[in-house]
Amino acid sequence: MTHKVLLLPGDGIGPEIAAQAARLLKACQEAGLDIEVEEGLVGGSAYDVHGEPLPAETLEKAKAASAILLGAVGGPKWDKIENLAKRPEKGLLGLRKNLGLFGNLRPAMLYPQLASASSLKPELVAGLDIMIVRELTGGIYFGQPRGIEVRNGERVGFNTYIYSESEIERIGRVAFEMAQKRGKKLCSVDKANVLEVTILWREVMERLAPEYPDVELTHMYVDNAAMQLVRAPKQFDVVVTGNMFGDILSDAAAMLTGSIGMLPSASLNESGQGMYEPCHGSAPDIAGQNVANPLAMMLSVAMMLRYSLNENALAERIEAAVGSVLDDGLRTADIASEGMQTIGTDAMGDAVLAAFAKQ
Ligand SMILES: NC(=O)c1ccc[n+]([C@@H]2O[C@H](COP(=O)([O-])OP(=O)(O)OC[C@H]3O[C@@H](n4cnc5c(N)ncnc54)[C@H](O)[C@@H]3O)[C@@H](O)[C@H]2O)c1
Ligand SMILES: CC(C)[C@H](C(=O)O)[C@@H](O)C(=O)O
Ligand SMILES: [Mg+2]
């Protein structure tokens, strides 16, 4: 069966890194992968053309695709749009919500070659391999009511942090199953000392635990988790948490691996359809300069092959190609270190493709 893949480059460095992913998809096709690649607009680039960050046409294409690859959205050009519903970020959130992509996998894995690029001492991060499982379609990101309104003569802003038991249970199951396939340790991160919604979160995780007797479940408050991630990150195997805590902790975990430019992600729904994107944003500060690291985006292609297209061998070939490029001492500026050769986005794409061809 021919799988449809939708490529959404987005804004800022999005198109630069998406171009490298497109080349990699072509190489996979040449290696026998049966896919059809389409492109679409999302975020600020879609707003500029259609006045909407998620045009109906893009949403239709996304629904019809087996997998979506997204670069990044957003940037200062669109930050002044007053109607929040029209901001580029809403394009991304709309895709996640409309496709029911509740299960966000954010692996933070250190390539041994990059130990010196991490902001932590090499011995603290050597061998690091954490999987953050973030709930992606609920919590405070989507809770109602929300808004800014005048109360007692002054403006107040408010959001609602809400999770139902069924939402907690389904992300909990993703995390327990992930832990079963990995190191069999699951740490659930919450703020159950203060917030009722996370008291319920903790209760549901506890209720699920006996169904996964081979997994050791622990709980940690989010403030402590942030501290432990930079104190002794290797204590973690799988971490499960809600939408906002997961957003914050995954950026912190990303930096342990040397650069946020290294971190891919997968967002899955109940039928295995997935959207794949780097964890980083559109990096407006370096956009258009051919210096962005395309590896998170290229590794997102590998995650897509593994989780949506069931093509493990090709996924491993991409990951091995990235390893071999790093072995050769090639680095983009964000992961540069002494004695290594600093190259641009396109040249990094060239190097990965050449290594992929040799695998
Ligand atoms: N998934 C997404 O599309 C996504 C995620 C996060 C932020 N954003 C949006 O991106 C815009 C910028 O946000 P931000 O600055 O907070 O976060 P960011 O991730 O875009 O950038 C943070 C820092 O990391 C660097 N960086 C990020 N990706 C890199 C890469 N591939 N190679 C080298 N360096 C890289 C940037 O140059 C910047 O210094 C905002 O509009 C934000 O809403 C989008
Ligand atoms: C751009 C933004 C809506 C998004 C989020 O907060 O989920 C981003 O930070 C991410 O981590 O994917
Ligand atoms: Mg984020």
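The following paragraphs examine the structure supplied in this document. In this text, all values refer to a predicted model and were calculated from it rather than measured experimentally.

### Considerations on the side chain of Thr 58
Phase 1 of the analysis: Tracing the backbone shows Thr 58 in helix 3 (residues 56-64).
Phase 2 of the analysis: Polar side-chain contacts of Thr 58 include one of 2.7 Å to the backbone oxygen of Leu 41.
Phase 3 of the analysis: Other than its neighbours up to four places away in sequence, Thr 58 contacts Leu 6, Leu 8 and Leu 41.

### Side note on the site of ligand 1
Phase 1 of the analysis: The environment of ligand 1 is formed by 20 residues, the closest being Val 73, Glu 89, Gly 281, Ala 283 and Asp 285.
Phase 2 of the analysis: Within the side chain of Glu 89, one N or O atom sits 2.4 Å away from an oxygen atom of ligand 1.
Phase 3 of the analysis: Within the backbone of Asn 293, an N or O atom sits 2.9 Å from a nitrogen atom of ligand 1.
Phase 4 of the analysis: Alone, ligand 1 offers 810 Å² of accessible surface; in the complex the protein occludes 68% of this.

### Considerations on the nonpolar core
Phase 1 of the analysis: Membership of the largest hydrophobic core comes to 95 residues, with the highest contact counts inside it found for Leu 69, Phe 176, Leu 186 and Leu 305.
Phase 2 of the analysis: Considering each element in turn, this core owes the most residues, 9 residues, to helix 10 (residues 295-307).
Phase 3 of the analysis: Each of domain 1 (1-107 + 265-358) and domain 2 (119-131 + 141-257) accounts for three or more of the residues forming this core.
Phase 4 of the analysis: Excluding residues within four positions of it along the chain, Leu 305 makes contact with Cys 28, Leu 33, Asn 310, Glu 311, Leu 314, Ala 315 and Ile 318.

### Comments concerning the sheet that holds strand 4 (residues 103-109)
Phase 1 of the analysis: Pairing is mixed across the open sheet formed by 10 strands, whose spatial order is 2-1-3-12-11-4-5-10-8-9. Single-partner strands in this sheet number two, and they are strand 2 (35-39) and strand 9 (216-221). Strand-to-strand twist across the sheet, computed as the mean angle between neighbouring axes with direction ignored, equals 20°.
Phase 2 of the analysis: Relative to strand 9, strand 8 (residues 185-190) runs parallel, the two sharing 6 bridges. The partner of Val 189 across the bridge, within strand 9, is Met 220.
Phase 3 of the analysis: Here helix 6 (residues 165-181) sits on the sheet and contacts strand 4, strand 5 (129-135), strand 8, strand 9 and strand 10 (238-241); the angle it forms with strand 5, its principal contact strand, is near 165°.
Phase 4 of the analysis: Contacting strand 1 (3-10), strand 3 (67-72), strand 4, strand 5, strand 11 (264-268) and strand 12 (274-278), helix 10 runs over the sheet at an angle of about 35° to strand 11.

Scoring rules and cut-offs
- Each chain has its residues counted from 1, following the order in which its sequence is written.
- Ligands are numbered from 1 and chains lettered from A, in the order in which they are written.
- Under the rules for a predicted model, residues below a pLDDT of 70 receive no local features and side-chain atom pairs below 80 are neither given nor counted, while totals for whole chains, interfaces and linings still include all residues.
- As a convention, hydrogens and water are excluded, and side-chain values are obtained from all of the structure's heavy atoms.
- A run of H or I in DSSP becomes a helix once it reaches four residues, and a run of E becomes a strand once it reaches two; helices and strands are each numbered from the N terminus.
- Polar contact criterion, stated in full: a pair of N or O atoms within 3.5 Å, where within protein one must be able to donate a hydrogen and the other to accept it, and residues adjacent in sequence count only if both atoms are side-chain atoms.
- Note on contacts: a residue pair is in contact if any heavy atoms of the two residues lie within 4.5 Å.
- We call a residue near a molecule or strand as soon as one heavy atom of that residue lies within 4 Å of the molecule or strand.
- Only the protein chains shown count as covering a residue, and every accessible area follows the Shrake-Rupley method with a 1.4 Å probe.
- Grouping buried Ala, Val, Leu, Ile, Met, Phe, Trp, Tyr and Cys residues that are joined through side-chain atoms within 4.5 Å yields what is termed a nonpolar core.
- Relative accessibility decides the category of a residue: with a 1.4 Å probe and only protein chains considered, values under 20% of the type maximum give buried, values over 50% give exposed, and everything between is partly exposed.
- Where a domain begins and ends is set by an automatic assignment or by a domain database.
- Strands are treated as partners if at least two bridges between them are detected by DSSP.
- Here an axis means a line fitted to C-alpha atoms, over the contact stretch when the element is a helix, while the angle between two N-to-C directions is reported on a 0 to 180 degree scale.

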